[in-house]
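Take a look at the letters that make up each chain.
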Amino acid sequence: MRYVVIGAGAIGAGVGALLDDSGSEVLLVARGDHLAAMRDHGLTVRMPDRVINRRPDVAASPEEVELRTDDVLVLATKTHQAAAALATWADAPVHDDGQVVGTAGERLPLLTALNGVASEEIALRWFARVYGVCVWMPAVLAQPGEIIVRCAPVRAILHAARYPAALADDGDVAFLKQLAEDWGRAGIQVPTPDDVMPWKYRKLLGNLGNAVQALLGDGSLGQDITEAARAEAGAIYEAAGITMNSDESERHSRDQLKVGPVAGAPERMGGSTWQSLHRGSGSAETDYLNGEIVAIAHRLGRTAPVNAALAALVRHAAAQRTRPGAMTPGELGQRVLGRRWESVG
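Residues numbered from 1 in each chain as written. Predicted model: local features only at pLDDT ≥ 70, side-chain atom pairs only at ≥ 80, totals over all residues. Heavy atoms only, no water.

The protein carries the name Ketopantoate reductase family protein in an unreviewed UniProt entry, which gives Occultella gossypii as its organism. The record in UniProt for the protein states the following under Sequence similarities (unreviewed entry): "Belongs to the ketopantoate reductase family." (UniProt positions renumbered as here; feature names shortened; annotations may be inferred.)

The following block contains the structure:
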């Protein structure tokens, strides 16, 4: 199988370089300075125990790619960018022996390696075979053409399953087994639970603190705010009947990831939302993190004021291209919790 990674930023390029290094065929789809750097100089991945330099095939759009029947599409954009990317690729022709045999949406499997719980349902509008992926990979796009991956020897854990889970058949089992073998050679574990969504809903709780980290520059300064967002989400989950994987299964998997220092890496680099504000990208995926809790609450005729406030503040910061740390803990506490707040430093 060839892995075509759409949105090859920190996660996508990190995964792609590791797969390329381990012998899998890879094509990375990117844009801007990052694409130009990979075309001109290749891709460097720095890890605690080694550095790799690869020159995988790269492209900017479907027009530069001849898709094949053995291709696997890996969507690794931010969630708010997913619909546009999927619409761009869904109708791309798929070739077999020089003949067009269908479109990507009809013929190719799609892995949704994104935060949040919305991308799988979004993808079904365009793709018939969707596989949800819960991404655990501490990776950062340090600069164009350079990725920092902070774990060794296991680089990432990506739980994957057919979406919706009820559609899974023997063909899906065989596909995911091959995926796990290919990615396992690259140091990426791919557990295959019956249903990945309980894992993704639990990870979503963890990602609710991304907004706090991005706004304050340091998530530890706003632990009370993060805890309030997660407590609010937990109550919404319970009201909606949303289930998560067990604490034991979570611990067992997370114990496999060992984070270590990376030579030459900046000391302080945050998560995906922090990175969006730091780069001044103009947008962030918070509407599909904290905003997802708001959406679930609204479906129940309820509100989620803490998560709604965090989502709104990040939207504003992204639009204004405000960098991480521009807001103090006291200011954020007042805006989100509506009361005087002292940081727990």
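That was the structure; now back to the text.
(A) Expanded view of the pattern of salt bridges. A full pass over the atoms with the stated rule returns 16 salt bridges. Residue Asp-21 is joined to Arg-50 by a salt bridge in which the shortest nitrogen-to-oxygen separation is 3.2 Å. Of the two residues, Asp-21 sits in helix α1 (residues 10–21) while Arg-50 sits in the loop between β3 (43–46) and β4 (51–54), which places them 29 residues apart along the sequence. When the shortest N-O distance is used, the salt bridge between Asp-172 and Arg-162 registers 3.0 Å. With Asp-172 in helix α6 (residues 170–185) and Arg-162 in strand β14 (residues 156–163), this pair connects stretches of sequence that are 10 residues apart. Like Asp-172, the residue Arg-162 is buried in the burial classification. Within this structure, Asp-20, Asp-21, Arg-50 and Arg-54 form a network of salt bridges that share partners. (Salt bridge = Lys/Arg side-chain N within 4 Å of Asp/Glu carboxyl O. Helix = DSSP H or I, 4+ residues; strand = E, 2+ residues; numbered from the N terminus. Buried < 20%, exposed > 50% of the residue type's maximum accessible area, 1.4 Å probe, protein only.)

(B) The sheet that holds strand β9 (residues 99–103), seen in detail. Strands sit in the order β6-β8-β9 across an open sheet of 3 strands; the sheet is mixed. A strand with exactly one partner marks an edge of an open sheet, and here the two such strands are β6 (67–68) and β9. Note that strand β8 (residues 93–96) and β9 share 4 bridges and pair antiparallel. Note that in β9 the partner of Pro-93 across the bridge is Thr-103. (Pairing = 2+ DSSP bridges.)

(C) Here's a closer look at the environment of Val-212. Tracing the sequence through the fold places Val-212 in helix α8 (residues 210–216). The contacts of Val-212, once residues within four sequence positions are left out, are Gly-217, Gly-219, Gly-222, Ile-225, Thr-226, Leu-310 and Leu-332. (Contact = heavy atoms within 4.5 Å.)

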